[in-house]
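# Coordinate analysis (summary)
Each chain is listed here by its residues.
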There are 2 protein chains.
Amino acid sequence: MDRETSHPLVMRQAEGRDGAIRQPRQTWLIDHWIAGLLAAEFAGTPLNFALWDGSEYGEGSGEERICVHIGDRPALYRFVYNPEVQFGDLYSLGRIDVEGDLVLAVESAYAALDQPPGRWYWLRRVVQLIRKGPSLRRSKHNIHHHYDIGNDFYQLWLDRVALQYTCAYYRHIDASLEEAQLAKLDHVCRKLCLQPADTVVEAGGGWGGFAIHMAKRFGVRIDSYNISHEQIVYARDWAEREGVADKVTFIEEDYRKIAGKYDVFVSIGMLEHVGPGNYRALGEVINRCLKPDGRGLIHSIGRDRPALLNAWIRRRIFPGAHPPTLGEMAPIFEPSGLTVLDVENLKPHYAQTLKHWLARFEANQDTVRKMFDEPFVRAWRLYLAGSTAAFTVGQLQLYQVLFARSGRQPLPMTRDYIYMQSN
Amino acid sequence: MDRETSHPLVMRQAEGRDGAIRQPRQTWLIDHWIAGLLAAEFAGTPLNFALWDGSEYGEGSGEERICVHIGDRPALYRFVYNPEVQFGDLYSLGRIDVEGDLVLAVESAYAALDQPPGRWYWLRRVVQLIRKGPSLRRSKHNIHHHYDIGNDFYQLWLDRVALQYTCAYYRHIDASLEEAQLAKLDHVCRKLCLQPADTVVEAGGGWGGFAIHMAKRFGVRIDSYNISHEQIVYARDWAEREGVADKVTFIEEDYRKIAGKYDVFVSIGMLEHVGPGNYRALGEVINRCLKPDGRGLIHSIGRDRPALLNAWIRRRIFPGAHPPTLGEMAPIFEPSGLTVLDVENLKPHYAQTLKHWLARFEANQDTVRKMFDEPFVRAWRLYLAGSTAAFTVGQLQLYQVLFARSGRQPLPMTRDYIYMQSN
């Protein structure tokens, strides 16, 4: 089907990028051939593809239709050249846009990738043969990394009670983000059977929300390690305001520097950044710091098949991140005399968390745009929407792994203790 | 400390073995040196070691004392030569005996093995250097393997309601074996969210107790695969008696022959016999037979460090068995597009199950002795007691792994559904 005009947002972005006004240019036969291949690849999904002259390919129609608008010829060829990275970059710059629900668009893409390969696949194979080295170095888009951003940005869309940039726990699907984040912290504490006399070491404490929660709710003593100076400063100030500065010590050090003996080891959302090469060292740290009847919990994004994170997210959003499979996590536990007691996969909870984050992000997009720029807003929108889809229909998982020393049984026999108190 | 007489049971066994009466013989200096090394190795535990002349080494005293009686010099040297296998064989033959609680004795041995190596360890290292090839072939003890034994033997000491030769689930520590085995079956069904319209395939169905339970309780249709002819015959007859023969089909075939599409895949206590080399094939079978929104559960003995099963148990009780670590299980799930949703480690439940089995076994030992012989009774006593210790303080685990297809969510978001109905 043909559409009379190209999508206004694409035009706006194409104009906005370098100030020059670009009129829709003529399309060539090969452009249409590629768009047709793309549409065929996603046959059976609501995904359509439209070129800059308005011509559209695909089976999607009616309210379910989602249209990927490609704004100019170089964008189309960059996309063909390296879709995994370029889609994100071109979307961020507005040279590709998505008309319709962005989460549903990425979910549809995942569904299509499960199908047998079509001609698009073979085109990609040929392109891969001629592609040389990392094309990424040449990209100089103005997209900030996580670690350049600062606390204010995250406070715009994270929960307001515990500042958790990790998966929440939705005891009910209609729980608020704040309720679900507190429920996550309590879920972890319950699993660990946290008692007031316990000493706790936290690896990767973020802005301190969990440590402060444990101190206030359970009266436990916590040493919380973090290498982010900015977060440590924030966390110390927060603990002071909450009156628990005597209970929580925030230590600006790597997890490998953890010293002392503790009843509980806990780490929420750090393992993603540890890297598989350091898993054994992490296990040794836990082995060294845990008392004989100690117990621990690691909460981490994972995968159900070994793979690198999506190339664009790895490059633009989370440099160096690696979500492991359960099998890849084994070197943390098996060589260090630790026994895995319980693994819970919370992936639907992360999808729900991301939906809440995305909604708040969108509600604050004007503020974000003022803090940064339009490509930043679009990059983060795509990151949050794409991650949602990766947790609903993709390979991303959220594992909570509860463990203790081999041959010890510091926790009750059944998991009733986790669920009996929870209502 | 010295004891005036050698332990009567040792003497009785030494007599009973070949009919000849053996008087306690003189001991040599080297016998005492070895016994002293052994006792030093187990310093800090209640374990003592006594030679056939009654001399005893070790710190154990009072009610807590456990004494390992070594009945003759060849037994001592065979034990030094290959303790892992020979202890079991010599105990079975009564040439080594344990005075005191057998479970506690093995638990003490495990605890001692965690200590830094002493002179005993170095003696063992020297012996290992001179030991050639498998000494096992030469052993011809009259100890039957699991698979030569028949149904009557197991019925003497397994539960009377579901004939489960696998770990039970103790919702309360004072539950009976029958209650705990039914609770296990229901726990598995609850985790799988079993619904009356579901079709189920069971891999390794034993005597049919679980399949019959599912048919009676949930009205589901089950295909149950098993390669043991004797068990299949028993199971068909049992299903007939219970009036569910139309619901359950017992198929005398290997799990790799599973055909058709099912809502649920379940396997309790088969993985131990599959062998790591076949895990990927098992994953492919599951991938082939599971409907898109299907779910599955594997219940298996495992370990927290990769190792072979105790050499004696592997040789005498469970030929070919291998309890995997969670890391070793990964090839079942990761290459086959399956997502692990929940792992529960039930190891204290297996210790409790084994205690119940051991008590019933002891209560029926006269019947067992008539069916077989004294070495058989002693071998099984050691196996049940040693396994108990392996689950309390050793490396054995019991993993229940719940899974579904990648990118699907056929089960509720929280595990409340497992626990809400259970009281």
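Owing to the predicted nature of the structure, the values given are computational and were not obtained by experimental measurement.

### Some details on the overall build of chain A
A tally of helices and strands in chain A yields 17 helices and 11 strands. A total of 423 residues make up chain A; the buried ones form 51% of that total. Pairs at least 24 residues apart make up 72% of the contacts formed inside chain A by residues separated by at least 6 positions.

### Describing the sheet that holds strand S1 (residues 47-50) of chain A
Strand pairing in a sheet takes place through backbone hydrogen bonds and is either antiparallel or parallel in direction. All names here are of chain A. Pairing is mixed across the open sheet formed by four strands, whose spatial order is S2-S1-S3-S4. The open sheet terminates on both sides in strands that have one partner only, identified here as strand S2 (56-57) and strand S4 (96-99). Taken together, the two bridges between S1 and S2 define a ladder with antiparallel strand orientation. Counterpart to Phe49 in the pairing with S2 is Tyr57. Contacts from helix H2 (residues 29-41) reach S1 and S2, with the element oriented near 175 degrees to S1.

### Observations concerning the domain arrangement of chain A
Residue and element names in this part refer to chain A. Considered domain by domain, chain A is made up of domain 1 (8-141) and domain 2 (148-420). Spacing between the C-alpha centres of domain 1 and domain 2 amounts to 35 Å. Facing the 18 residues of domain 1 at the interface are 18 residues of domain 2. Contributions of two or more residues to the side of domain 1 that touches domain 2 are made by helix H4 (83-92) and helix H5 (102-113). In terms of residue class, the side of domain 1 that touches domain 2 is built from 10 nonpolar, five polar and three charged.

### A closer look at the relation of the copies chain A and chain B
For the pair chain A and chain B, the best superposition has an RMSD of 0.0 Å and corresponds to a rotation of 180 degrees with a translation of 0.0 Å parallel to the axis. What the rotation and shift describe, once combined, is the action of a two-fold rotation axis. Both copies share a contact surface, since 100% of the interface residues of chain A are interface residues in chain B too.

### Considering the interface of chain A and chain B
Listed per partner, the contact involves 34 residues of chain A and 34 residues of chain B. Within the residue set of the side of chain A that touches chain B, elements represented by two or more residues are helix H13 (326-333), strand S10 (338-345), helix H14 (347-363) and helix H17 (416-420) of chain A. The greatest single-element share of the side of chain A that touches chain B, amounting to seven residues, is contributed by S10(A). Class assignment of the residues belonging to the side of chain A that touches chain B gives a composition of 14 nonpolar, 12 polar and eight charged. Judged from the three bridges that link them, S10(A) and strand S10 (residues 338-345) of chain B form a sheet pairing that is antiparallel. Following the sheet pairing, Val343(A) is matched in S10(B) by Val343(B).

### Brief notes about the sheet that holds strand S3 (residues 66-70) of chain B
An order of S2-S1-S3-S4 (chain B) is seen for the four strands of this open sheet, with the pairing classed as mixed. The sheet is open, and its two edges are formed by strand S2 (56-57) and strand S4 (96-99) of chain B, each paired on a single side.

### Quick notes on the pairing of strand S11 (residues 396-405) of chain B
Residues and elements named next belong to chain B. Among the 10 residues in S11, 10 count as buried, and that is most of the element. One ladder, built from nine bridges, connects strand S9 (residues 290-303) with S11; its direction is antiparallel. Paired with Ile298 across the strands is Val401, a residue of S11. Where S10 lies against S11, seven bridges are found, and the strand directions are antiparallel. In the sheet register, Thr339 faces S11, and the bridge partner there is Ala404.

### Brief notes about the packing of helix H15 (residues 347-363) of chain B against helix H17 (residues 374-392) of chain B
Residues and elements named next belong to chain B. Axis separation between H15 and H17 bottoms out at 8 Å; the angle between their running directions is 160 degrees. Taken together, the axis directions place H15 and H17 in an arrangement best described as roughly antiparallel. Crossing angle aside, the handedness with which H15 passes H17 is left-handed. Residues Lys347, Tyr350, Ala351, Leu354, Lys355, Trp357, Leu358 and Phe361 of H15 form the contact with H17, whose own contacting residues are Trp380, Arg381, Leu384, Ala385, Ser387, Thr388, Phe391 and Thr392. Looking at the contact of H15 with H17 residue by residue, the classes come out as 10 nonpolar, three polar and three charged.

### Comments concerning helix H9 (residues 209-218) of chain A
The α-helix advances 3.6 residues per turn, and as a result positions three or four apart in sequence lie on the same side. All names here are of chain A. Buried residues dominate H9, accounting for seven of its 10 residues. When we look at burial in H9, the residues that qualify are Gly209, Phe210, Ala211, Ile212, His213, Met214 and Ala215. At the C-terminal side of H9, Gly219 shows a positive phi close to 70 degrees.

### A short note on the environment of Val200(B)
Residues and elements named next belong to chain B. Topologically, Val200 is positioned in strand S5 (residues 199-203). Among the residues examined, Val200 registers 26 C-beta atoms within 10 Å and is labelled buried. For the pair formed by Val200 and Ala215, sequence separation is 15 residues and the distance between their alpha carbons is 9.9 Å.

### Quick look at the packing of helix H12 (residues 279-289) of chain B against helix H14 (residues 326-333) of chain B
Each pair of packed helices gets described by two things: the angle between the helix axes and the distance between those axes. All names here are of chain B. At their nearest, the axes of H12 and H14 sit 6 Å apart, and the two run at 45 degrees to each other. It follows from the interaxial angle that H12 and H14 lie oblique. Across the interface between the two elements, Tyr279, Arg280, Leu282 and Gly283 of H12 pack against Met329, Pro331, Ile332 and Phe333 of H14.

### So, the nonpolar core
In this structure, Ile70(A), Met214(A), Val401(A), Ile70(B), Met214(B) and Val401(B) are the most contacted members of the largest nonpolar core, which totals 244 residues. When near neighbours in sequence (up to four residues on either side) are disregarded, Ile70(B) contacts Phe49(B), Ala50(B), Leu51(B), Trp52(B), Ala75(B), Leu76(B), Phe79(B) and Ile96(B).

### Description of the environment of Val201(B)
Residues and elements named next belong to chain B. Its location among the elements puts Val201 in strand S5. Put simply, Val201 and Ile258 are 57 residues apart on the chain and 8.1 Å apart in space, counted from C-alpha to C-alpha. Residues in contact with Val201, not counting those within four places in the same chain, are Asp223, Ile258, Tyr262, Phe265 and Cys289.

### Notes on unusual backbone geometry
Of all residues except glycine, most have a negative phi; of all peptide bonds, most are trans. All names here are of chain B. The backbone phi angle of Leu163 is positive, close to 45 degrees, even though this residue is not glycine. In this fold, Leu163 is placed in the loop between helix H7 (151-155) and helix H8 (177-191). Of note, Cys193 is a non-glycine position whose phi angle comes to about 55 degrees, a positive value. Inspection of the secondary structure puts Cys193 in the loop between H8 and S5. For Cys193, a count of 16 C-beta atoms within 10 Å gives the class partly exposed.

### Structural notes on the environment of Leu76(B)
Turning to its location among the elements, Leu76(B) is positioned in helix H3 (residues 73-81). It is 9.2 Å that separates the C-alpha atoms of Leu76(B) and Arg95(B), two residues lying 19 residues apart in sequence.

### Describing the confidence of the model for chain A
Residues and elements named next belong to chain A. Confidence along chain A averages 87 in pLDDT terms, with 87% of residues attaining 70 or more. In this model, residues 1-21 is a region of pLDDT below 50 whose contacts with residues beyond four sequence positions or in other chains number 41 contacts. Predicted confidence for residues 133-144 stays below pLDDT 50, and this span has 19 contacts to residues more than four positions away or in other chains. Interface confidence in the predicted complex, given as ipTM, is 0.86; pTM for the same model is 0.87.

What counts and how
- Residues numbered from 1 in each chain as written.
- Chains lettered and ligands numbered in written order.
- Predicted model: local features only at pLDDT ≥ 70, side-chain atom pairs only at ≥ 80, totals over all residues.
- Helix = DSSP H or I, 4+ residues; strand = E, 2+ residues; numbered from the N terminus.
- Buried ≥ 20, exposed ≤ 12 C-beta atoms within 10 Å, placed from the backbone.
- Contact = placed C-beta atoms within 7 Å.
- Pairing = 2+ DSSP bridges.
- Axes fitted to C-alpha atoms, helices over the stretch in contact; angles between N-to-C directions.
- Domains from an automatic or database assignment.
- Nonpolar A, V, L, I, M, F, W, Y, C, P; charged D, E, K, R; others polar.
- Least-squares fit on C-alpha atoms with pLDDT ≥ 70 in both.
- Parallel < 35°, antiparallel > 145°, perpendicular 65-115°, else oblique.
- Left-handed = near helix turned anticlockwise from the far one by under 90°.
- Core = buried A, V, L, I, M, F, W, Y, C linked by C-beta atoms within 7 Å.
- pLDDT = per-residue confidence, 0-100.

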